[in-house]
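Summary of structural features
Chain by chain, the residues run as shown.
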Amino acid sequence: MNAVPMNIAAKPLAELISAEALAEIDRWIAKYPPEQKQSAVIQALHIVQDQHGWLNNERMDAVAEYLGMPKIAVYEVATFYTMFNLKPCGRHTIAVCTNISCMLRGSDVIVSHLEKKLGIRLGQTTADGKFTIKEVECLAACGGAPMFQIGKTYYENLTPQRVDEILDKLK
Amino acid sequence: MVNIEIDGKPLQVDDGKMLIEAADEAGIPIPRFCYHKKLSIAANCRMCLVEVEKAAKPLPACATPVTDGMRVYTRSAKALTAQKGVMEFLLINHPLDCPICDQGGECELQEVAMGYGSDVSRYQEKKRVVKDKNIGPLISTDMTRCIHCTRCVRFGQEIAGLMELGATGRGEHMEIGTYIEQSLVSEMSGNVIDLCPVGALTSKPFRFSARAWEMSQRDSIAPHDSIGSNLHLHVRDGQVMRVVPRENEAINEVWISDRDRYSYTGLNSEERLQAPRIKQKGAWQETDWQTALDFTVQNLRKAIAGHGAQQTGALSAPHCTLEEMYLLQKLLRGLGSQNLDHRLRQNDFSPQTPQYPWLGQGLAQLEKLDAVLLIGSNVRKEQPIGAHRLRKAALRGAEVMLINPVDYDFNFPAGEKIIIAPDAMVSALAGVARALCELDKAANKTHLDALAQVAVSSIHRTMASRLKSADNAGLLLGSSALAHPRLGALHTLAKLITRLSGARLGYLPQASNSVGGWLAGMLPDRDARGKSVSQPGLNARAMLEQGLKSYVLLNMEPEFDCANPAAALRNLNAAECVVTLTPYVTSQMESYADVLLPVTPFSETPGTFVNAEGRWQEFNAAVRPLGEARPTWKVLRVLGNLFELPGFDYVSAQEISHELRALAPDLATAGNGGDSATLPQLDNHGQTQGLMRIGHVPIHSIDNIVRRASALQQTADAEQACIRLNAAEAGRHGLMDGASARVSQDEAEARLTVRVDARVPDGAALIAAGVPGSETLGASFGAVNVERLA
Ligand code: SF4
Ligand code: FES
Ligand code: FES
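What counts, and where the lines are drawn
- Residues numbered from 1 in each chain as written.
- Chains lettered and ligands numbered in written order.
- Predicted model: local features only at pLDDT ≥ 70, side-chain atom pairs only at ≥ 80, totals over all residues.
- Helix = DSSP H or I, 4+ residues; strand = E, 2+ residues; numbered from the N terminus.
- Contact = placed C-beta atoms within 7 Å.
- Buried ≥ 20, exposed ≤ 12 C-beta atoms within 10 Å, placed from the backbone.
- Pairing = 2+ DSSP bridges.
- Core = buried A, V, L, I, M, F, W, Y, C linked by C-beta atoms within 7 Å.
- Domains from an automatic or database assignment.
- Axes fitted to C-alpha atoms, helices over the stretch in contact; angles between N-to-C directions.
- Parallel < 35°, antiparallel > 145°, perpendicular 65-115°, else oblique.
- Left-handed = near helix turned anticlockwise from the far one by under 90°.
- Nonpolar A, V, L, I, M, F, W, Y, C, P; charged D, E, K, R; others polar.
- Near = placed C-beta within 6 Å.
- Expected span 1.5 Å × (residues − 1).
- pLDDT = per-residue confidence, 0-100.

Looking only at helices and strands, chain A features seven helices and four strands. The order of helices and strands in chain A, counted from the N terminus, is α-α-α-α-β-α-α-β-β-β-α. In terms of overall dimensions, chain A has C-alpha extents of about 55 × 40 × 30 Å along its principal axes. Here the analysis covers contacts within chain A between residues at least 6 apart in sequence; of these, 58% occur between residues at least 24 apart.

See below:
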C-alpha cells in the first residue's frame, strides 16, 4: 500500500448541484455561527437529495467537505434518518411506519401485503422502477395508525384494500 | 470541595466531579462501559446506575455531578436491580462466543456479567448479527460483539483528532464502522483495542495466538521515539506476544502509538542473527562466542597497530541503551580513539550546533504552551505522543505555527505556516528573528545590522508577535532541523528568537535514546562527564565520508540509519576491519563486515533510555536472548576485558548506569550553547540551484526493528521509495505522476517513481531516507538532480 498523504479530496459540491441549490445551502449555513456550520448538515443533505433523488457517497463526501465535517459524521446523519435515500429509488417511495402504534394496529399486515403485491421486500424497488418500499420510524401520525407516506402525502388508517386503491391510482 | 457519602463512606470531593470519579478515587467499584476517564462523557450504556437519596430514579454515576450532602448507594437493592436490568439488555444481542473470543479473560463485559448478570437468559428471540468490517492490518473486528459504548468513536474525535469510526444507522440497525470500507490511518489507532470493553475490536497480528492468562506481563520502555512511552510486554514461552501501554500520566498517559504497539512483530524476524559469524578469506562461517571475540580483538589490534588508533571509530544507533553507548565509548577511548558518535543522521557538526538537543521542559509542559513554533518537524509521525500533547494545547487555544519543508498533515489545527524548501528555512527563521528585533529597534541594533539582508514578511511579523505576546511560548525543532545541513544556523537563530521573545527552546529528538547518547559521552569531543576532550576525534559524518581503516558498528544499518548511505557503504566496504554488533543480519553487512556479533534488541536486555525531557527510564529484559545472541553490555564488557582495559568488571547493567549517573551532567543546567554565537551568514538566502532533497524518515522506517515489523509495513504509513514533487516542479522537469526518474547526488544515484505531491514546496524533492530504494543515494538533505527516464 502506498501512503495516502491526505484524505482524498471530494468533488466540490458546486459541481454536483445547481447554483440555486448551493445558494440555498449557504442560506442555511448563514443561520448558524460560523464555527458551527455543520448544524446545516440535515438541510444540506435534503437539498442535495432533492436534486438527485438519492444520496451516494460522492454527494455525502461533498457535503462533508463543504461543511468542514469528517465524512463519517455525515454518513452517521444520513444513515440515521430514514428520510434520506442511500440507494436509487422508484418513482414512488412508500415509507411504511412500523413503530409501536402502527405495529399494534397492524402494520405487519400492511408490510406483508405490500411485499406480496409488489413482489419485493422492504428496502427494494420494483423492476419497472415504479415503487420502492421502506420501513421508517414513527412519522408522528399515530392517531391514524397504521400509516405510510408516499412522496409528501400521509395515508392513514390503512387496510390492504385501501392500499390497493391508493397504489392503483398512482402512475 | 463538597461532602458526599457513598455506601456510608464520607468523602470530600472537588466541585464539578462526577460521582464515578469520586467513587474511583475512593476505590468503590461502579460497573461501567461507556465511561472512560480520558474521554468525554456519553452516558449511553447506563451500566453505572446508582441510587442517590432523594432522586426518584437511579442515576448514571458517570454523568451525575457531586453536590453537597449527596448520599449515594452503589449496592442497594434499587441500584442492583437497575444494574442487573441494564446487564440483561446488554447481553440480549451479545453473542455467547467467549470461548473463541480473544478478549476472553480480560473482557469488561465478561467481568461485569460475572458480577451482575444472571446465569440463565430469559431471551429466546433472534440475536442481531453484524457483518465484520475490514479496517486495516492492525485491528480485527467482530462487530456482533459491539455494545455501542462509542468509546472508539470518541477516541477518534477527541484523542486521535481524526474521526474515522462512527455509528451509522439507528436503533436496532446501528453499527460501528467506517461506513465505506477503509483502513484506519491514525498513527494512534491501536488504542481503540484497549478502549473497547468487549471483543469487538482486537489486535489483528495477535489474533488467536495466546490467551490472556497464559502470558506474563513485563514492564518496558518504548524504543522508537524520544517520548519513552511506558509499555507492558506480554510474553509467553520466551516470546513477546503483544505490547500494550503501561499507564504513566507524566509521559504517555494511557496511550501508545501504533509503532510502539506493533513493532514487536519485527523482533523475531527471519533476519535475526542467532550465532556469531566471522569472515575468513571472504567466506562467512558460524562460530562460537569465544572464537568470534578472539577474532574481533585480534583484527582490531592489528588494524590499530598498523594504522594507529585514529584510524578506528565506533558508531552506535541512537536507540541503543545508555549502558551500551557508555561502554562503547569507554572501550574506544581505552583503545586510544575519540572517533565516536551516535548522531548518525546529523549533517551539520559546526560549533554553532546545539550542545544538548533536548526538549528543554517536561512533556506535560507542552500542553500548557500558548504559542508554539515548530521548525522542521512532523511531530505527528515522529513523536505521536508529543503531537497528542500539542493537540491538547491547540484545542485549548494555543497557536501552533510552522516552518516546515513539507506541508505535513497534523491532527491539530495549525496557525501561520511557512512551507519552504529546506535551504530557505534559515532565512525564514531569520525573518522571524528580525521581526522580533524590529519590535525594539534601539535595543537590538547589533542584531538588526547582522540581519540587514533579511527580508521580513507579514507572516514573520505575525509569528514574532504571537511568540512575544504569549505567556507560555515555545520553539520546537524537529528531525528535519536536526538533520539540516545548517543546523548551527537554525540553532543560533532559534536561540536569538527565544531570547527576544521569552519563548522556551526545545528539540524533539528522533530516537529513544538520542538524548542519552549525549549524556553517555558517545561523542568525539566530549566525554561522559560532559567535558571537552583535548584532542577531539571524528564525528559520524567525517568517519563515514572520509573513511577509516576499522569500524565498530552497534545496532545500526548504515544504508538506512545514516545521513549519507552511499558514502557510508563505500567507506565501510573499503575498510580493513568492520566489527558489527547487531540483532539482525543484512546482505550489506555480509559485504562490509568481518565479524558479526549477535546482540539483543531492547526486549532482551536490561538498559536505560533518556527521553526527550531528560527522564532516565530503566527497564529489564522481558525475554531471554534469542539463540546465541547476548546483551550488548555483556559483549562490550568482555571485549573490554579481552583488551585488558581497566574498569570493565561490571556484574550488572545497573552498575554501569549508576557509574554514569554519577558522572553525567544535569541537562537542566548544562545549557545548550549558541547564546553568544555570531549570527549565521545569510547572504545566500535565495534557493540553491536545482532541487534540494528532503530526506525525512517515515514513521515506520525509523530503526531496524520497525523496518521489520510486518504489521506496520502493511499500513498506509509504510512509505515506499519514490520522489515526491509538487505539480509545478514536476512540470519543470518534464515529469508526470507515475513516471520513472533518475535521481543523482554526485556519484550516487537511484531510479525512483515520481509522485506528484502538493505538500512539497517549490525547489524541493521529498525522497524519504530509511526505505529500501533510496539507500543508494547520498546526503539526506542535499542537492539532487532529477532526469526523466524514458
Ligand atoms: S466497537 Fe467496542 S469501543 Fe467501539 S462502540 Fe463497540 S463496544 Fe464500544
Ligand atoms: S408509530 Fe407509526 S406513526 Fe407513530
Ligand atoms: S458508564 Fe455511565 S452510562 Fe455508561
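This is not the end of the story, as more comes after the structure.
The next subject is the overall build of chain B. When helices and strands are tallied, chain B shows 25 helices and 32 strands. Per-residue burial over chain B gives 57% buried out of 790 residues. Put simply, of all contacts in chain B between residues at least 6 apart along the chain, 73% involve residues at least 24 apart.

Our focus in this paragraph is the pairing of strand 1 (residues 92-97) of chain A. Residue and element names in this part refer to chain A. Sheet topology places strand 1 next to strand 2 (residues 131-136); six bridges connect them, and they run parallel. Across the sheet, T93 pairs through a bridge with T132, a residue of strand 2. Where strand 1 lies against strand 3 (residues 148-150), three bridges are found, and the strand directions are antiparallel. Bridge pairing links V96 to F148 in strand 3.

Residue and element names in this part refer to chain B. Where strand 13 (residues 277-280) lies against strand 14 (residues 283-286), four bridges are found, and the strand directions are antiparallel. The residue of strand 14 that forms the bridge with Q280 is A283. Counting the residues in the hairpin turn of strand 13 and strand 14 gives two residues, including K281, whose phi is positive at 50 degrees. The pairing of strand 13 with strand 24 (residues 595-598) spans two bridges and is classified as antiparallel. Looking across to strand 24, one finds that I278 is bridged to V595.

Ranked by size, the top nonpolar core spans 269 residues in total, and within it A:V63, B:V372, B:I375, B:L429, B:L490 and B:I497 carry the most contacts. Take this core: its biggest share by element is 10 residues, from helix 11 (residues 425-438) of chain B. Grouped together as the second largest cluster of nonpolar side chains are 16 residues, A:I94, A:C97, A:F131 and A:V163 included.

What the domain assignment reports for chain A is domain 1 (10-80) and domain 2 (92-170). A C-alpha centroid distance of 29 Å is found between domain 1 of chain A and domain 2 of chain A.

Here we come to the packing of helix 1 (residues 19-29) of chain A against helix 2 (residues 41-52) of chain A. All names here are of chain A. One way to put it is that helix 1 packs onto helix 2 with a least axis distance of 9 Å and a crossing angle of 165 degrees. Taken together, the axis directions place helix 1 and helix 2 in an arrangement best described as roughly antiparallel. For the pair helix 1 and helix 2, the sense of crossing is right-handed. Of helix 2, the residues touching helix 1 (which contributes A21, E24, I25 and W28) are Q43, A44, I47 and Q51.

On the chain A side, the residues contacting the 21 residues of chain B number 14 residues. Of the residues in the side of chain B that touches chain A, the class split is eight nonpolar, six polar and seven charged.

The next subject is the site of ligand 1. Taken together, the neighbourhood of ligand 1 is formed by 14 residues, with B:C146, B:C149, B:C152, B:C196 and B:A200 sitting nearest. Its residues placed into classes, the shell around ligand 1 shows 11 nonpolar, two polar and one charged.

Residue and element names in this part refer to chain B. Strand order in the open sheet made by the five strands is 2-1-5-3-4, with mixed pairing throughout. With partners counted over all chains shown, the strands left at the sheet margins are strand 2 (9-13) and strand 4 (59-60), one partner each. As paired elements, strand 3 (residues 49-52) and strand 5 (residues 71-73) share two bridges and run antiparallel to each other. Directly across from E51, in strand 5, lies its bridge partner Y73. With respect to the sheet, helix 2 (residues 77-92) is in contact with strand 3 and strand 5, its orientation differing from that of strand 3 by roughly 160 degrees.

Our next topic: helix 8 (residues 322-335) of chain B. Residue and element names in this part refer to chain B. A rise of 1.5 Å per residue sets the reference length of helix 8, with its 14 residues, at 20 Å; its end C-alpha atoms lie 20 Å apart and thus fit the reference within 8%. In terms of burial, helix 8 is largely enclosed, as 11 of its 14 residues are buried. Taken together, the buried positions of helix 8 are L322, E323, E324, M325, Y326, L327, L328, Q329, K330, L331 and L332.

What follows concerns unusual backbone geometry. With an omega of -10 degrees, the peptide bond between A:A145 and A:P146 qualifies as cis. Locating A:P146 in the fold gives a position in the loop between strand 2 and strand 3. Despite not being glycine, B:T150 shows a phi value in the positive range, around 65 degrees. Owing to 22 C-beta atoms within 10 Å, B:T150 belongs among the buried residues under this scheme. Unusually for a residue other than glycine, B:Y179 sits at a positive phi of about 70 degrees. Along the chain, B:Y179 falls in the loop between strand 8 (175-177) and helix 5 (191-195).

Detailed reading of the predicted coordinates is not advisable wherever pLDDT is low. Across chain A, the average pLDDT comes to 92, with 95% of residues at or above 70. Segment residues 1-7 of chain A is flagged for pLDDT under 50; beyond a separation of four residues in sequence, or across chains, it makes 13 contacts in the model.

All names here are of chain B. Two numbers describe how helix 8 lies on helix 22 (residues 653-663): the axes approach to 9 Å, and their chain directions differ by 70 degrees. Put simply, helix 8 runs roughly perpendicular to helix 22. Taken together, the residues of helix 22 that come into contact with helix 8 (itself represented by L322, E323, Y326 and L327) are A653, I656, S657 and L660.

Residue and element names in this part refer to chain A. Spatially, four strands are ordered 2-1-3-4 in an open sheet, and the strand pairing comes out mixed. Looking at the sheet topology across the chains shown, the edges are occupied by strand 2 and strand 4 (153-155). Between one strand axis and the next, the sheet turns by 25 degrees as a mean value, whatever way the strands run. In the packing of helix 6 (residues 107-118) onto the sheet, contacts are made with strand 1, strand 2 and strand 3, and the angle to strand 1 comes to roughly 155 degrees.

Tracing the chain through its elements places A:D108 in helix 6. Linking A:D108 and A:V96, residues 12 residues apart in sequence, is a C-alpha distance of 9.8 Å.

For the rest of this paragraph, the subject is the confidence of the model for chain B. Per-chain confidence: chain B averages 95 in pLDDT, with 99% of residues scoring 70 or above. Interface predicted TM-score (ipTM) for the complex: 0.88; the corresponding pTM is 0.93.

This paragraph deals with the environment of B:A612. Residue and element names in this part refer to chain B. Position of A612 among the secondary structure elements: in the loop between strand 25 (607-610) and strand 26 (616-619). Taking the C-alpha atoms as reference points, A612 and R396, separated by 216 residues in sequence, lie 23 Å from one another. Once residues lying within four places of it in the same chain are set aside, the contact partners of A612 are S226, I227, W358, L359, L363, L508, P509 and V515.

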